[in-house]
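Single-letter residue listing:
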Amino acid sequence: MYSAWLPYAGAIIFAVFIFIAPGLLIAVTLRQRGIAALGIAPILSASTVAVGSIAAAKLGVRWSIFVPFATALFIAAVGWAVMSLAQRFGWADSYRWLGVSEQPVERAQWSSRVSWVTYGAIIIGALLLIRQVVNGIGLPENLPQTYDVNFHVNAIRYIAEEGNASSLTLAAMTGGDEVFYPGVWHAFAALVYMYAGTSVIASANVVTLVISALVWPVSLMYLVRVALNLNIVGIVGAGVAAASFSSFPLVLVFYGVLYPNALGLAIIPAAFAMGAQLVRVCATRYLSSTSALYLLFWSSIALALAHPNTLMSWLLFALPLIVIRMVLQCVAMVRREVPVRQGILQLVLLSLYPIVLGVLWNIVRPLKHAGPWGPKLSDSQAWGEMLGNASIGVGSILIVISAFTLIGAYTLIVRKDKGRWVVASWLLVGLFFVMARSLAWEEERYFWVGVWYHDHYRLAALLPIFAAPLAAYGVQTAWTYVRTKLAEWKLPAVAVMTVTTLLFVGAAVQTQRSHPMTAMTHLSYANYVMTEDSLLLSTDEKDVIDHIPEYVPQGETLIIQPYTGSSVIYAYTGYNVTAKHVLYTPTPEVETINRGLKNALTDPKVCEAVRAAKAYYYVDFGTKQVDNVFSNQYPGFIGVKRSGVLTPVYTKGKVGLYKVSAC
């Protein structure tokens, strides 16, 4: 299975390049080095794609690899100018309304002992995640058999053909008005498709692999280094922890499939780290106040256009940072470390944060009916799932990583460490996860968890963002405790180190071989592998798609029923289809065809519509549908093969391609 990915090594390297290079250019311009630069590179690259795609569309410039780099140059140049002015007027970092402490800014190094340990920890996490994702996807050309994949893979080809990756117009692909759809993931994937020579489906899987195995551990490591005081053991533990939770990234690899959400959550740790540095509630500061504020502006755009609920997640779960900062300001005023007038001004400014959050809370959310998921458990059962990092759908907890998480949380609280906000944010995510699992509709379920479509999977995916740093701290604490106890037995230092290392290596192996992790991997693979009775696209249906170019002239539109999986014909072949997603707005001609195709011999309006749409071919993928809710939209297809309207062109099993011979 792994060897099947080797021919895609060039595409993977290219994907790594576009996820890192534009953002790294900005970071280096703002004098960041080492993990301080690498850690923020992915979220800044996402911002160049988010902003650049919209700007290019407005300026009439086609989407290409040059757009994010041009945007990166603009952001870097403006940032350099802002920092130069701030330093000239003494505002860069000494302006104390952002915090009372004089915690200095540290300069990370590209090459130092701790830097190389950090890189090694990222590589460990990446290798473990590559194993998980490859086992979960299978072959690079496998298509997830899920509801949303129609839109996502079709959008990749649509961007490449139209030259427009703007999130403000991407939804126009499905007909109707040009409306917003978060398109940063699709823009990245389109670049891989356009420049790496891979298929649309393989491009999607390559981007999924890079987001899971590179973007996520790099961003997480940045948060860990900023938020907590970790030694070498803790840093290595963070690398393993990045790959030790079944709820992220593995669940979002196959559930939905939620590609945009996965990207947003992979880059969000860097935004939390920037926020912690801005309000100076962190162990290490790499960014001055001005730099942090400037980069957070662009990062917030990246989160919003990756997926709006990641922006809201960041705003909500960063709230403990604001609360802690406000408490520290009050204490500083009492101790006369800050003048009362200045302290009150600081508190007023900080209090604007929850006000803005409250306003956005009622605006940035989907409609209620967009998320049908209801409560499944009692609140006590849900808390058990949260604390045990239970794999939803598998029914068992992750014992080892959960134990380290709890140890880390307890130690941070007892030691009154600056990283206590991580515990608070973790518990806050847990609270909303519990509400998603247990809160009834009549208890304002839409108000509390509607931002995430009432979906507990999306909230479960947020937990590792804070649980992983806590687990790393727990590993560090446990390592110190075990070594101390073993040393008390008067064992030689070599023996102490050997025994301790073996114990923790064994624990690391258990996190990867536990039943929940392996079961979730198998569940993911089952959602990707194509069989003769796959939910979205079967082997017979794929065979029909492969033969379409042999029989259908270029420029034709294929009549399809999207719930049967036939929408992906566009992604595979480039032939236009009457519906590129299950949720779409049909043109009047397509609406006429959908409702009356079987009557083409008796109703002249049907053939008029067929000619207007240039849709002389019909694809029949049977009656199995990924969702049956709207199947009544297509009465014209019921019994159409018996109506004398169609002539078989190519069939395989019970599915096939037909010519609308009546027209």
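Anything mentioned here points back to the structure above.
A. View of the pairing of strand S5 (residues 655-660). Burial of S5 is extensive: 5 of the 6 residues sit out of reach of the surface. As paired elements, strand S3 (residues 617-620) and S5 share 4 bridges and run antiparallel to each other. Its bridge partner being in S5, Asp620 is matched across the sheet by Gly656. Relative to S5, strand S4 (residues 646-652) runs antiparallel, the two sharing 6 bridges. Looking at S5, one finds that Leu646 is bridged to Val660. Between S4 and S5, which pair antiparallel and follow one another directly, the connecting turn spans 2 residues, one of which, Gly653, has a positive phi of 65 degrees.

B. Region of interest: the packing of aromatic side chains. Using the criterion set out here, one finds 24 aromatic pairs in the structure. Pairing Trp361 with Trp452 gives two aromatic rings, centres 5.8 Å apart and planes at 65 degrees, and the pair type is edge-to-face. One end of the pair, Trp361, is in helix H15 (residues 340-361); the other, Trp452, is in the loop between helix H19 (445-449) and helix H20 (456-460), and 91 residues separate them in sequence. Assessed through its relative accessible area of 7%, Trp361 is described here as buried.

C. View of the sheet that holds S3. Across the sheet, which stays open at both edges, the 5 strands sit in the order S2-S1-S3-S5-S4 with mixed pairing between neighbours. Looking at which strands have only one partner, the edges of the open sheet turn out to be strand S2 (576-577) and S4. With 2 bridges joining them, strand S1 (residues 557-559) and S3 adopt parallel strand pairing. Residue pairing in the sheet places Leu558 in a bridge with Tyr617 of S3. Its contacts with the sheet place helix H24 (residues 539-551) against S1, S3, S4 and S5, and it is angled at close to 120 degrees to S4.

D. Layout of the side chain of His186. In this structure, His186 sits in helix H7 (residues 184-196). Looking at His186, the relative accessible area reads 0%, which means it is buried. Among the polar contacts listed, one links the side chain of His186 to the backbone oxygen of Pro182, at a separation of 3.5 Å. Discounting chain neighbours no more than four positions away, the residues touching His186 are Phe151, His152, Ala155, Ile156, Ile159, Leu170, Tyr181 and Pro260.

E. Representation of the environment of Lys376 within the structure. The topology assignment puts Lys376 in the loop between H15 and helix H16 (379-387). Accessibility expressed as a relative area gives 58% for Lys376, which makes it exposed. In the structure, Lys376 is positioned 80 residues away from His456 in sequence and 9.6 Å away in space, judged by C-alpha atoms. Those residues within four positions of Lys376 in sequence are excluded, and the remaining contacts are Arg437 and His456.

F. Just the side chain of Ser53, in detail. Mapping Ser53 onto the fold places it in helix H3 (residues 41-59). A relative accessible area of 3% means that Ser53 is categorised as buried. Apart from residues no more than four positions distant in its own chain, Ser53 is found in contact with Thr48, Trp63, Val67, Ala165 and Ser166.

G. Region of interest: the state of the cysteines. Under the criterion given, the structure shown has 1 disulfide. Residue Cys607 pairs covalently with Cys663 via a disulfide, S to S 2.0 Å. Taking the sign of the S-S torsion, about -80 degrees here, the bridge from Cys607 to Cys663 comes out left-handed. Of this pair, Cys607 sits in helix H27 (residues 604-613) while Cys663 sits in the segment after S5, and the two are 56 residues apart along the sequence. Its sulfur unpaired, Cys282 is 20 Å from the next cysteine sulfur, which belongs to Cys330. By relative accessible area, which is 35% here, Cys330 ends up partly exposed.

H. Representation of H16. Turning to H16, its buried residues number three or more, namely Ala382, Glu385 and Met386. Down the axis of H16, the buried side of the element spans an arc of 100 degrees, and every buried residue falls inside it. Elements in contact with the buried residues of H16: helix H18 (420-438) and helix H21 (463-488). At the exit of H16 stands Asn389, carrying a positive phi of roughly 50 degrees.

I. Structural context of a nonpolar patch on the surface. A surface patch of nonpolar side chains, about 550 Å² in accessible area, is lined by Leu345, Leu349, Leu352, Ile355, Val359 and Ile363. Structurally, the position occupied by Leu345 is in helix H15.

J. Representation of the pattern of salt bridges. The full count for this structure, using the stated rule, is 6 salt bridges. Residues Arg458 and Asp455 are paired through a salt bridge, measuring 3.0 Å at the closest nitrogen-oxygen approach. As far as the burial class goes, Arg458 and Asp455 line up, both buried. In this structure, Arg595 and Glu591 form a salt bridge, with 2.6 Å as the shortest nitrogen-oxygen distance. With Arg595 and Glu591 both in helix H26 (residues 588-596), this residue pair falls 4 residues apart, about one helical turn.

K. Spotlight on helix H13 (residues 308-317). Among the 10 residues that make up H13, 10 are buried, leaving the element largely enclosed by the rest of the structure. Turning to H13, its buried residues are Pro308, Asn309, Thr310, Leu311, Met312, Ser313, Trp314, Leu315, Leu316 and Phe317.

L. Seen up close, the nonpolar core. In this structure, Phe317 and Leu558 are the most contacted members of the largest nonpolar core, which totals 232 residues. With 21 residues, the single largest contributor to this core is helix H8 (residues 200-227). Among residues more than four places away in sequence, those in contact with Phe317 are Phe272, Ser425, Leu428, Val429, Phe432, Trp452, Leu459, Leu462 and Phe466.

M. The arrangement of the environment of Leu398 in detail. Looking at the secondary structure, you find Leu398 in the loop between H16 and helix H17 (399-414). Leu398 gets classed as buried once you look at its relative accessible area, which sits at 3%. Measuring from C-alpha to C-alpha, the distance between Leu398 and Phe245 comes to 7.7 Å, with 153 residues separating the pair along the chain. Setting aside anything within four residues of it in sequence, one finds Leu398 in contact with Ser244, Phe245, Ser246, Gly388, Asn389, Ser514, Pro516 and Met517.

N. A look at the packing of helix H11 (residues 259-278) against helix H12 (residues 289-306). Axis separation between H11 and H12 bottoms out at 9 Å; the angle between their running directions is 160 degrees. Here H11 lies roughly antiparallel to H12, going by the angle between them. The chirality of how H11 crosses H12 is left-handed. Along its contact with H11, which presents Pro260, Leu263, Gly264, Ile267, Ile268, Ala271, Met274, Gly275 and Leu278, the element H12 presents Ser289, Ala292, Leu293, Leu295, Leu296, Ser299, Ala302, Leu303 and Ala306. Taken together, the residues of the contact of H11 with H12 break down into 14 nonpolar, 4 polar and no charged.

Rules used throughout
Here the residue index of a chain counts from 1 through its sequence in written order. With the structure being a predicted model, the display of local features is reserved for residues of pLDDT at least 70 and the display and counting of side-chain atom pairs for 80 or more, all residues being used for whole-chain, interface and lining totals. Side-chain descriptors were evaluated using all non-hydrogen atoms of the structure, hydrogens and water having been removed beforehand. A 1.4 Å probe rolled over the protein chains alone gives each residue an accessible area, and that area as a share of the maximum for its type sets the label: buried under 20%, exposed over 50%, partly exposed in between. Going along the chain from the N terminus, every DSSP run of H or I of four or more residues is numbered as a helix, and every run of E of two or more is numbered as a strand. If DSSP finds at least two bridges between two strands, the strands pair. Aromatic rings from Phe, Tyr and Trp, with only the six-membered ring used for Trp, were paired whenever their centres fell within 6.5 Å, and each pair was classed as stacked if the ring planes differed by under 30 degrees, edge-to-face if by over 60, and tilted otherwise. Every residue pair with non-hydrogen atoms within 4.5 Å of one another is taken to be in contact. The axes are straight lines fitted to the C-alpha atoms, using for helices just the contacting stretch, and the angles between their N-to-C directions are given from 0 to 180°. By the criterion applied in these results, polar contacts are pairs of N or O atoms within 3.5 Å in which, for protein atoms, one can donate a hydrogen and the other can accept it, and in which residues neighboring in sequence qualify only through two side-chain atoms. Cysteine sulfur pairs qualify as disulfides if the two atoms are within 2.5 Å. It is the directions from the helix axis to the C-beta atoms that the arc portrays. The patches reported here contain residues having more than 30% relative accessible area and no salt bridge. Joining distances are 9 Å for like charges and 5 Å for nonpolar side chains (Val, Leu, Ile, Met, Phe, Trp, Tyr). Residue burial considers only the protein chains on display, and all accessible areas are found by Shrake-Rupley using a 1.4 Å probe. Here, a salt bridge means any Lys or Arg side-chain nitrogen found within 4 Å of an Asp or Glu carboxyl oxygen. The nonpolar core is taken to be a set of buried Ala, Val, Leu, Ile, Met, Phe, Trp, Tyr and Cys residues, with the residues joined through side-chain atoms within 4.5 Å. Should an angle fall under 35 degrees it is called roughly parallel, over 145 degrees roughly antiparallel, and 65 to 115 degrees roughly perpendicular, with every other angle called oblique. By convention the crossing between two helices is left-handed if the near helix lies anticlockwise of the far one by an angle smaller than a right angle, and right-handed if it lies clockwise. Only Asp, Glu, Lys and Arg are considered charged in this grouping, and only Ala, Val, Leu, Ile, Met, Phe, Trp, Tyr, Cys and Pro are considered nonpolar; every other residue, Gly among them, is considered polar.

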